[in-house]
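Residues per chain, in single letters:
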Amino acid sequence: MRKCPRCHSEMKEDCYIKDTAQPISDFTLIEKNENLKKSEYPLKAALCKKCGYVELYVDVKED
């Protein structure tokens with residue numbers, strides 16, 4: 001459960017941001033390590049329905 005940093009209400013998670021110019025594409029965060037290996041994480045959003053604050057995040061799994 002995420003708390004809004006502005007109003008401290010509970011935020012709705014697992015939302016996503018849609019690029020209206022490219023409706024097929026999904027936003028992805030790519031992390032490159034020192035061995036030039038890439039890790040991809042789908043970009044998600046959390047929304048506060050009380051004040052409208054939006055926060056981007058990724059779900060990372062610990063290795």
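Throughout, a residue's number is its position along its own chain's written sequence, starting from 1. Only residues with pLDDT of 70 or above have their local features reported here, since the model is predicted, and side-chain atom pairs are shown and tallied only from 80 upward, although totals for entire chains, interfaces and linings are computed over all residues. Side-chain calculation: all heavy atoms of the structure are included, whereas hydrogens and water are not.

## Digging into the side chain of Ser9
Item 1. To qualify as a helix, a DSSP run of H or I must reach at least 4 residues; to qualify as a strand, a run of E must reach at least 2; elements of each kind are numbered from the N terminus. Tracing the backbone shows Ser9 in the segment before strand E1 (12-15).
Item 2. Residue burial is assigned from relative accessible area. The probe radius is 1.4 Å, only protein chains are included, and a residue is buried under 20% of its type maximum, exposed over 50%, and partly exposed in between. Judged by its relative accessible area of 18%, Ser9 falls in the buried class.
Item 3. Contacts are assigned to residue pairs with any non-hydrogen atoms lying within 4.5 Å of each other. Apart from residues lying up to four places away in sequence, Ser9 is in contact with Arg2, Lys3, Cys4, Cys48 and Lys50.

## With respect to the environment of Ala46
Item 1. Within the element layout of this structure, Ala46 appears in strand E4 (residues 44-47).
Item 2. When the C-alpha atoms of Ala46 and Tyr16 are compared, they prove to be 8.0 Å apart, with 30 residues separating the residues in sequence.
Item 3. Ignoring sequence-local partners within four residues, the contact set of Ala46 consists of Arg2, Met11, Lys12, Glu13, Tyr53, Val54, Glu55 and Tyr57.

## Notes on the confidence of the model for the chain
Atom-level detail of predicted coordinates should not be read off regions where pLDDT is low.
Item 1. One confidence number per residue, pLDDT, is output by the predictor and ranges from 0 to 100. Of all residues in the chain, 90% attain a pLDDT of 70 or more, and the chain-wide mean is 83.
Item 2. Across the chain, element-level confidence peaks in strand E5 (residues 54-57) with a mean pLDDT of 92 and bottoms out in strand E2 (residues 28-32) with 79.

## Some remarks on the pattern of salt bridges
Item 1. A side-chain nitrogen of Lys or Arg and a carboxyl oxygen of Asp or Glu constitute a salt bridge if their distance falls within 4 Å. All chains considered together, the criterion is met by four salt bridges.
Item 2. Of the charged contacts, one joins Arg2 and Glu13 as a salt bridge, the two residues approaching to 3.2 Å between their closest N and O atoms. One end of the pair, Arg2, is in the segment before E1; the other, Glu13, is in strand E1, and eleven residues separate them in sequence.
Item 3. Looking at Glu13, the relative accessible area reads 29%, which means it is partly exposed.
Item 4. As a salt-bridge pair, Lys44 and Asp59 come within 2.8 Å of each other at their nearest N and O atoms. With Lys44 in strand E4 and Asp59 in the segment after E5, this residue pair connects regions lying 15 residues apart in the sequence.
Item 5. Relative accessible area serves as the criterion here: at 23%, Lys44 is assigned to the partly exposed category.
Item 6. Through salt bridges that share partners, Arg2, Glu13 and Glu55 make up one connected network.

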